[in-house]
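Coordinates in review
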Amino acid sequence: GAVVSQHPSWVICKSGTSVKIECRSLDFQATTMFWYRQFPKQSLMLMATSNEGSKATYEQGVEKDKFLINHASLTLSTLTVTSAHPEDSSFYICSAHPPGLAGETQYFGPGTRLLVL
Amino acid sequence: GEDVEQSLFLSVREGDSSVINCTYTDSSSTYLYWYKQEPGAGLQLLTYIFSNMDMKQDQRLTVLLNKKDKHLSLRIADTQTGDSAIYFCAEAAGYQKVTFGTGTKLQVIP
């Protein structure tokens, strides 16, 4: 149980285009999902907390108009990188917390690698 | 803010034990975790420990927690080549705000 999927697993796009990344909880409902960004050989940086039915909470320094988050259902959150630029190239990972699960931990998706040319 | 530190690299021979260390600063941490990340993949939760525990063992994995020194370690017994990965420790006062360490790359030499 506690499986989180992401789609696509990798994407290459031209500078100036928008890219949508989906995060799904497959076998549980998640009122809260998290979006992280990971640069090569670095740790994960929390970008935002996605709340079902309400606005996302962004971490300091993350542009909300650049990284649009929509948590339309209890099993799906989307991250849209708008007007992508090469500096947005990174590994984006989402996570979710299954309610009632011991350990109070987050379960992670496999990640989406974005390359902006 | 919270800070979690790890050494960057560890190299061990297959069959030996690996010990990955982590220090953290947040004294209100309730949970401490170890995650494994293989190349190009997401994070896999290996194990976690509550802050009121000193030790937790799960098959080849042993987690030791020294709360006084804010030191966490992960011992992998009989390390295999499949254990080669990056290992992240993380701490949280609840699931909402997890702070990750810098990651330790474990290289297992056959």
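Our subject is the structure that appears above.
Cut-offs and rules
- Residues numbered from 1 in each chain as written.
- Chains lettered and ligands numbered in written order.
- Predicted model: local features only at pLDDT ≥ 70, side-chain atom pairs only at ≥ 80, totals over all residues.
- Heavy atoms only, no water.
- Helix = DSSP H or I, 4+ residues; strand = E, 2+ residues; numbered from the N terminus.
- Rg over C-alpha atoms; globule rule 2.2 N^0.38 Å.
- Buried < 20%, exposed > 50% of the residue type's maximum accessible area, 1.4 Å probe, protein only.
- Contact = heavy atoms within 4.5 Å.
- Areas by Shrake-Rupley, 256 points an atom, 1.4 Å probe, with all protein chains shown as cover.
- Lys, Arg positive; Asp, Glu negative; His and termini not counted.
- Charge placed at Lys NZ, Arg CZ, Asp CG, Glu CD.
- Pairing = 2+ DSSP bridges.
- Axes fitted to C-alpha atoms, helices over the stretch in contact; angles between N-to-C directions.
- Phe/Tyr/Trp six-rings, centres within 6.5 Å; stacked < 30°, edge-to-face > 60°.
- Buried area = accessible area lost by both parts, 1.4 Å probe.
- Salt bridge = Lys/Arg side-chain N within 4 Å of Asp/Glu carboxyl O.
- Polar contact = N/O pair within 3.5 Å; in protein donor to acceptor, adjacent residues only side chain to side chain.
- Nonpolar A, V, L, I, M, F, W, Y, C, P; charged D, E, K, R; others polar.

Thoughts on the overall build of chain A
A count of helical and extended segments in chain A gives 0 helices and 11 strands. Secondary structure elements of chain A occur, N-terminal to C-terminal, as β-β-β-β-β-β-β-β-β-β-β. Taking 2.2 N^0.38 as the reference for a compact globule, 117 residues should give roughly 13 Å; the C-alpha atoms of chain A span a radius of gyration of 14 Å, in line with that estimate. Taken along its principal axes, the extent of the C-alpha atoms in chain A is 40 × 30 × 25 Å. With 117 residues in all, chain A has 52% of them scored as buried. Long-range pairs, those at least 24 residues apart, make up 54% of the contacts in chain A with a sequence separation of at least 6. Taken as a whole, chain A presents about 5,700 Å² of accessible surface, with 55% of it coming from carbon and sulfur. Put simply, chain A has 9 plus and 9 minus side-chain charges, and the middle of one group is 8 Å from the middle of the other.

Details of the sheet that holds strand β7 (residues 67-73) of chain A
Residues and elements named next belong to chain A. Here we have 4 strands laid out as an open sheet, ordered β1-β3-β8-β7, and antiparallel in their pairing. Each edge of the open sheet is held by one strand with a lone partner, namely β1 (4-7) and β7. Looking at each pair of strands side by side, their axes are set apart by 20° on average, direction ignored. In this structure, strand β3 (residues 19-25) lies alongside strand β8 (residues 76-81), joined through 6 bridges in antiparallel fashion.

Quick word on the packing of aromatic side chains
All names here are of chain A. Under the definition given, this model contains 11 aromatic pairs over all chains. Taken together, a centroid distance of 5.6 Å and an interplanar angle of 45° make the contact between Tyr 36 and Phe 108 tilted. Of the two residues, Tyr 36 is situated in strand β4 (residues 32-38) and Phe 108 in strand β10 (residues 107-108); the sequence distance between them amounts to 72 residues. For Phe 108, a relative accessible area of 9% puts it in the buried group.

Details of the interface of chain A and chain B
Note on interface size: it is often stated as the accessible area lost on association of the parts. With 23 residues of chain A at the interface, the matching set in chain B holds 20 residues. With both chains or domains summed, chain A and chain B bury close to 1,600 Å², and 56% of this area falls on carbon and sulfur atoms. Remark: the boundary between chain A and chain B carries 0 salt bridges. Linking chain A to chain B there are 4 residue pairs in polar contact (both at pLDDT 80 or more). Every element with two or more residues in the side of chain A that touches chain B is listed here: β4, β5 (44-51), β9 (90-96) and β10 of chain A. The element best represented in the side of chain A that touches chain B is β4 of chain A, accounting for 4 residues. Classifying every residue of the side of chain A that touches chain B gives 10 nonpolar, 10 polar and 3 charged.

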